[in-house]
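Letter by letter, the chains look like this.
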Amino acid sequence: MFLDNLKVVLIAAIIAIHAVLSYTDSMDLWPYDSVREVTLSPITETALLMVVGPFGFFVIPLLFMVAGLLAPPSLERRGVGAYARGRLLRLGVPFAVYVLLVQPAVSYGLEHPLGEATGSYAEEFLGKPPQLGTGPLWFVGVLLIFSLVYAGAVAVRPQGLARHWMPDVGAFHLLLLAAAVALASFLVRLAYPIGTESDVSGLQLWEWPGCIAAFALGVTGSRQGWLAAVPERLHRQCRVSVLLAVVAMVAFMVGLGALEGIEDVAGGRHWPALVFAALEGVLVVFGAVWLLGLAQRHLDRPLRRIGPAVSRSAYGAFIVQEPVLIGLAVVLRPVPVPAELKALVLAGGGIAGSFALAWLLLARVPGLARIL
């Protein structure tokens with residue numbers, strides 16, 4: 001039960017974050033911000049960076065960790081072949097359809113009327129060197145890769161991943177994993193800084209170290225009973241570690257000048273990028289475990305009335321969020337209100353609209369429920 005509720009909360013948070021990113025000036029992480037008509041004030045952006053920013057590191061890694069938690073029981077129940085085919089259906093089909101059809105149409109529909117994409121659709125998206133526009137579905141594509149690699153590893157060495165080969169995970173193991181994530185992130189971002197557009201794969205390579213660690217930690221935790229409960233002592237240690245890392249992250253960014261320091265921490269051969277990666281590693285690893293334990297303790301109850309429908313629609317809401325958010329942003333475009341108000345309206349409308357559209361598609365499109 002808690003996993004269903006956690007999934008809803010995380011996807012709603014992702015949609016809200018993307019809504020806010022639509023009006024930011026300092027972070028080029030969402031398509032609409034390049035054509036935005038209003039911009040959040042520097043004070044608002046700084047406040048969001050200081051208060052919400054550190055916790056944003058938990059969201060995507062926690063989704064990978066949940067996927068890792070569910071992978072071993074699913075594979076053992078279905079077998080390697082059926083598991084791989086299921087992943088290709090539920091992850092590969094939506095990813096391919098979105099990347100090849102939906103994403104180009106959404107991008108052209110947004111940019112062409114505003115003069116950003118001046119050529120025809122064929123010229124803009126078919127006549128250029130291949131560069132995948134994955135949007136938020138980069139997560140789905142990367143998860144498919146991880147899932148198939150895991151299935152292949154089990155097929156080759158089924159006993160190599162058995163429970164008795166793994167020590168009980170403690171804070172020290174998490175610290176070592178966080179250090180590995182920090183070093184790998186720093187090295188990867190020498191070539192692919194945060195938010196880079198030079199990655200032709202469209203799969204956010206700069207975020208992979210934390211995602212790999214979270215998925216692997218989920219697989220390990222699944223075999224150690226974390227689906228039932230994260231050990232209480234480990235949960236407390238993770239909470240303390242996260243709070244300390246959040247304080248350190250805020251102090252570090254303030255010292256760099258907040259918004260002015262974003263480019264320095266995005267990647268490169270300098271100490272701010274390394275320090276940022278180190279703090280991020282702690283937040284990714286300890287934060288994912290802490291939030292999992294928090295969900296187990298506080299979200300293990302059914303949502304009233306629309307709970308089952310909302311939970312069932314969560315994956316679909318994640319997939320359709322980009323066209324919904326961009327469509328609503330275009331509708332709000334001529335409204336003469338500050339960016340702060342537009343961001344709030346877009347966040348609320350984006351969450352409601354994405355879940356509603358996903359539910360409608362599941363209810364009306366035959367066979368879609370098998371995929372979503």
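Residues numbered from 1 in each chain as written. Predicted model: local features only at pLDDT ≥ 70, side-chain atom pairs only at ≥ 80, totals over all residues. Heavy atoms only, no water.

Taken as a whole and judged by the stated rule, the model has 11 aromatic pairs. Consider the rings of Phe139 and Phe318, whose centres lie 5.6 Å apart with planes at 70°: the pair is edge-to-face. Of the two residues, Phe139 sits in helix α6 (residues 138-156) while Phe318 sits in helix α12 (residues 307-332), which places them 179 residues apart along the sequence. We classify Phe139 as buried; its relative accessible area is 9%. Here a set of aromatic residues connected by ring pairs shows up, and it is made of Phe64, Trp138, Phe139, Phe146, Tyr150, Trp208, Phe215 and Phe318. (Phe/Tyr/Trp six-rings, centres within 6.5 Å; stacked < 30°, edge-to-face > 60°. Helix = DSSP H or I, 4+ residues; strand = E, 2+ residues; numbered from the N terminus. Buried < 20%, exposed > 50% of the residue type's maximum accessible area, 1.4 Å probe, protein only.)

Another aspect to go through is the layout of surface pockets. Taken as a whole, the second largest pocket encloses approximately 770 Å³ of empty space. Around the second largest pocket, the lining is made up of 30 residues, and of these Lys7, Ala67, Leu70, Arg87 and Arg90 lie nearest the centre. Elements supplying a minimum of two residues to the lining of the second largest pocket: α1 (2-21), α3 (53-78), α4 (80-111), α6 and α12. Looking at which element gives the most residues to the lining of the second largest pocket, the answer is α3, with nine residues. Counted by class, the lining of the second largest pocket contains 20 nonpolar, three polar and seven charged residues. (1 Å grid on protein atoms, 1.4 Å probe; cavity = no way out; pocket = protein on both sides within 12 Å on 5 of 7 lines; lining within 4 Å. Points joined across faces, edges and corners; volume = space filled by probe spheres on them. Nonpolar A, V, L, I, M, F, W, Y, C, P; charged D, E, K, R; others polar.)

Glancing now at α3. Given 3.6 residues to a turn, an α-helix orients residues that are three or four positions apart in the same direction. The end-to-end C-alpha distance of α3, which contains 26 residues, comes to 39 Å, matching closely the 38 Å that a straight helix rising 1.5 Å per residue would cover. Gly79 lies just past α3 and shows a positive phi near 90°. (Expected span 1.5 Å × (residues − 1).)

Turning next to the nonpolar core. Phe64 and Trp226 are the most contacted members of the largest nonpolar core, which totals 109 residues. Aside from chain neighbours lying at most four places away, what touches Trp226 is Met65, Leu69, Val169, Leu217, Gly221, Pro231, Leu234, Val289, Leu292 and Gln296. (Core = buried A, V, L, I, M, F, W, Y, C linked by side-chain atoms within 4.5 Å. Contact = heavy atoms within 4.5 Å.)

Although it is not a glycine, Gln204 sits at a positive phi angle of roughly 50°. Tracing the backbone shows Gln204 in the loop between α7 (171-191) and α8 (208-222).

Before going further, it helps to spend a moment on the pattern of salt bridges. Tallied over the entire structure, the rule returns seven salt bridges. With a closest N to O distance of 3.4 Å, Glu37 and Arg333 form a salt bridge. Here Glu37 is found in the loop between α1 and α2 (42-51), whereas its partner Arg333 is found in the loop between α12 and α13 (339-364), with 296 residues between them in sequence. Note on Glu37: relative accessible area 26%, which makes it partly exposed. Across the pair Glu232 and Arg297 runs a salt bridge, and its minimum N-O distance is 2.9 Å. Of this pair, Glu232 sits in helix α9 (residues 232-256) while Arg297 is found in helix α11 (residues 271-298), placing the two residues 65 residues apart along the sequence. Salt bridges here are not isolated pairs; linked through shared partners, they connect Glu37, Arg333 and Lys342. (Salt bridge = Lys/Arg side-chain N within 4 Å of Asp/Glu carboxyl O.)

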